[in-house]
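Structural overview for review
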Amino acid sequence: MLYSSEMVALLQQLRARILAEFGVRIRLADPELLPSLVGFAKKSRDRMTVDAITRLLALAGLEAELSPPRMLAQNQAAAPTEVTYRGSKLSRTSTPGAAELDPAYTGAKSSSSRQVYRGQVVVK
């Protein structure tokens, strides 16, 4: 296949990205280069790699439906999750700090007989 200068520039970028992500060297002389790039785009976690492959396929006149499977995982990660922390079930939506995780921290501030020492509640 004959590549335009824009396609060659995209392939040079993809060479470095695919080598870094998958450890595979791609070659311009490979007759199965474009189908193998579609396979890499479906497996890739890097959005820029997927976009570059989509642009390359559009320049080559090939249309492929490339939706990254990682987008579903990102949407599920935003949902509230239930976590067990030190025996207590907690629900969280973001990365909590120590005060949000350990229910003893909130109780230690309001009660003078309870104190937290190294993550453990100490009753005095």
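Data block above holds the structure.
Keep in mind it's a predicted model, so treat the numbers as computed, not measured. (Residues numbered from 1 in each chain as written. Predicted model: local features only at pLDDT ≥ 70, side-chain atom pairs only at ≥ 80, totals over all residues. Heavy atoms only, no water.)

Here Ser 44 lies in the loop between α2 (33-43) and α3 (47-60). According to the relative accessible area criterion, Ser 44 is buried, its value standing at 1%. Separated by 2.9 Å, the side chains of Ser 44 and Glu 21 make a polar contact. Within the local environment of Ser 44, its side chain forms a polar contact with the backbone nitrogen of Asp 46, the two atoms lying 3.1 Å apart. (Helix = DSSP H or I, 4+ residues; strand = E, 2+ residues; numbered from the N terminus. Buried < 20%, exposed > 50% of the residue type's maximum accessible area, 1.4 Å probe, protein only. Polar contact = N/O pair within 3.5 Å; in protein donor to acceptor, adjacent residues only side chain to side chain.)

So, about the side chain of Thr 49. Structurally, the position occupied by Thr 49 is in helix α3. When residues no more than four places from it in sequence are discounted, the contact partners of Thr 49 are Leu 14, Arg 17, Glu 21 and Ser 44. (Contact = heavy atoms within 4.5 Å.)

A side chain with one charge can pair with a side chain of the opposite charge if their charged atoms come near. Counted according to the given criterion, the structure contains 2 salt bridges. The shortest N-O distance in the salt bridge between Asp 46 and Arg 17 comes to 2.6 Å. With Asp 46 in the loop between α2 and α3 and Arg 17 in helix α1 (residues 5-22), the pair connects residues that are 29 residues apart, well separated along the chain. Notably, a salt bridge pairs Asp 51 with Arg 47, separated by 3.2 Å at the nearest N-O pair. In this pair, Asp 51 and Arg 47 both sit in helix α3, 4 residues apart, roughly one turn of the helix. A residue is classified by how much of its surface remains accessible, and Arg 47, at 40% relative accessible area, is partly exposed. (Salt bridge = Lys/Arg side-chain N within 4 Å of Asp/Glu carboxyl O.)

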